[in-house]
Amino acid sequence: MTTIKGVEERLLCCLNDRLLVNEPMARHTSWRIGGPAEYFVEPQNTEELKKCILLAKELQIPLTIVGNGTNLLVKDTGIPGLVIKIGRGFSDININGGVITAGAGALLPAVARAAMDHHLSGFSWSAGIPGTIGGAVIMNAGANGSCISEVIQTVDVINRDGELLELGHEQLCFDYRISALQDSELIVVDAKFLCSPGDHNEIKKEMNKYIAKRKEMQPQGYPNAGSVFKNPPGDSAGRLLDVSGCKGLKVGNAQVSTVHANWIINLGGATADDVLTLICQVKEIVKDKTGVALQLEVRVLG
Ligand SMILES: Cc1cc2nc3c(=O)[nH]c(=O)nc-3n(C[C@H](O)[C@H](O)[C@H](O)COP(=O)(O)OP(=O)(O)OC[C@H]3O[C@@H](n4cnc5c(N)ncnc54)[C@H](O)[C@@H]3O)c2cc1C
């Protein structure tokens with residue numbers, strides 16, 4: 001059994017200045033909430049990523065993957081073990097005919113813009129979603145009646161032995177905000193999308209419309225993680241929370257937005273405990289008033 005000091009020395013020896021110790025996860029989440037990652041690293045390429053995965057395996061420490069942190073609630077106690085952020089080092093976007101290959105760290109709006117510039121449709125729904133391709137594939141992100149699985153052809157992943165695998169659409173078992181990759185230990189490195197030809201101006205118009213709709217319907221100016229709960233079949237979580245009187249409810253510095261009831265905003269200095277307590281409260285209220293048991297869309301880590 002390697003001691004804590006031994007683990008840190010080995011990580012420092014292999015990752016040197018790339019390794020951050022006790023890195024506040026609040027710096028890496030859109031909610032600006034979250035305790036420290038025991039160890040944090042942002043690899044710059046697949047080889048470095050493999051090295052990190054194999055190190056965590058060798059040292060028998062937990063491994064957690066994050067993207068842009070826009071769908072995450074990290075507990076105040078932080079995350080034990082090694083947290084790997086898939087970011088800029090994986091943000092290449094290549095387009096060949098109707099096929100877009102995007103790294104897991106590429107941001108959705110960047111992919112949507114690149115698709116538009118190449119007269120390709122299939123990504124305009126994602127305008128204004130601040131996540132990465134990796135996070136979007138894992139979550140089967142979607143909006144405006146579309147979702148990412150509709151254009152996915154294949155996804156390249158790395159397993160915990162550092163092996164690269166290519167998964168086809170049918171292996172990913174997509175459903176509403178669900179993919180087989182959730183809780184699977186596989187790490188997305190890139191994905192291929194098959195898009196249809198489209199008209200540049202039409203795509204631009206559509207994207208602008210979606211961005212304007214977001215500005216009108218969604219709270220602006222406070223850190224948040226988008227929708228907190230999934231929409232139950234045939235209904236919307238926002239509507240249920242609204243009719244149950246949850247808008248404006250507060251715990252500490254976390255508040256159910258008065259603009260959109262399915263968003264919880266950080267008024268400044270909110271803790272993960274504040275958010276989790278508020279989540280429990282509103283879930284109970286909605287269950288009592290409507291009989292519907294809401295399910296979390298945001299992922300809780302730590
Ligand atoms: C303002 C705002 C608006 C939003 N609007 C929408 C919306 O309209 N529709 C929607 O679906 N979502 C929306 N979201 C939520 C979020 O942006 C998406 O779910 C996004 O796809 C998450 O990507 P991420 O990179 O931030 O992932 P993270 O939040 O970092 O991670 C999400 C999950 O994916 C895992 N993960 C991330 N990257 C990888 C990887 N490379 N390999 C393996 N696992 C990985 C993490 O462990 C975690 O379980 C919104 C969020 C905000 C803040």
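Cut-offs applied
- Residues numbered from 1 in each chain as written.
- Predicted model: local features only at pLDDT ≥ 70, side-chain atom pairs only at ≥ 80, totals over all residues.
- Heavy atoms only, no water.
- Domains from an automatic or database assignment.
- Contact = heavy atoms within 4.5 Å.
- Buried area = accessible area lost by both parts, 1.4 Å probe.
- Salt bridge = Lys/Arg side-chain N within 4 Å of Asp/Glu carboxyl O.
- Helix = DSSP H or I, 4+ residues; strand = E, 2+ residues; numbered from the N terminus.
- Near = heavy atom within 4 Å.
- Polar contact = N/O pair within 3.5 Å; in protein donor to acceptor, adjacent residues only side chain to side chain.
- Areas by Shrake-Rupley, 256 points an atom, 1.4 Å probe, with all protein chains shown as cover.

1. Some remarks on the domain arrangement of the chain
Part 1: Domain boundaries in the chain define domain 1 (4-85), domain 2 (89-204) and domain 3 (219-301).
Part 2: Between the C-alpha centres of domain 1 and domain 2 there is a distance of 24 Å.
Part 3: Across the boundary between the two partners, domain 1 contributes 15 residues, which contact 14 residues of domain 2.
Part 4: Regarding the contact of domain 1 and domain 2, the summed buried area is about 1300 Å², with carbon and sulfur atoms giving 66% of it.
Part 5: At the junction of domain 1 and domain 2, the tally comes to one salt bridge.
Part 6: For the side of domain 1 that touches domain 2, the elements supplying multiple residues, two or more each, are α2 (46-59) and β3 (63-66).
Part 7: The element contributing the most residues to the side of domain 1 that touches domain 2 is α2, with six residues.

2. Quick word on the site of the ligand
Part 1: Lining the immediate surroundings of the ligand are 33 residues, of which Ile65, Gly67, Thr70, Thr132 and Gly142 lie closest.
Part 2: Measuring from an oxygen atom of the ligand, one finds a backbone N or O atom of Asn71 at 2.8 Å.
Part 3: Surface burial for the ligand is 92%, taken as the share of its 970 Å² of free accessible area covered by protein chains.
Part 4: Listed by contribution, the elements that provide at least two residues to the shell around the ligand are β3, α4 (133-139), β9 (142-143) and β13 (187-194).

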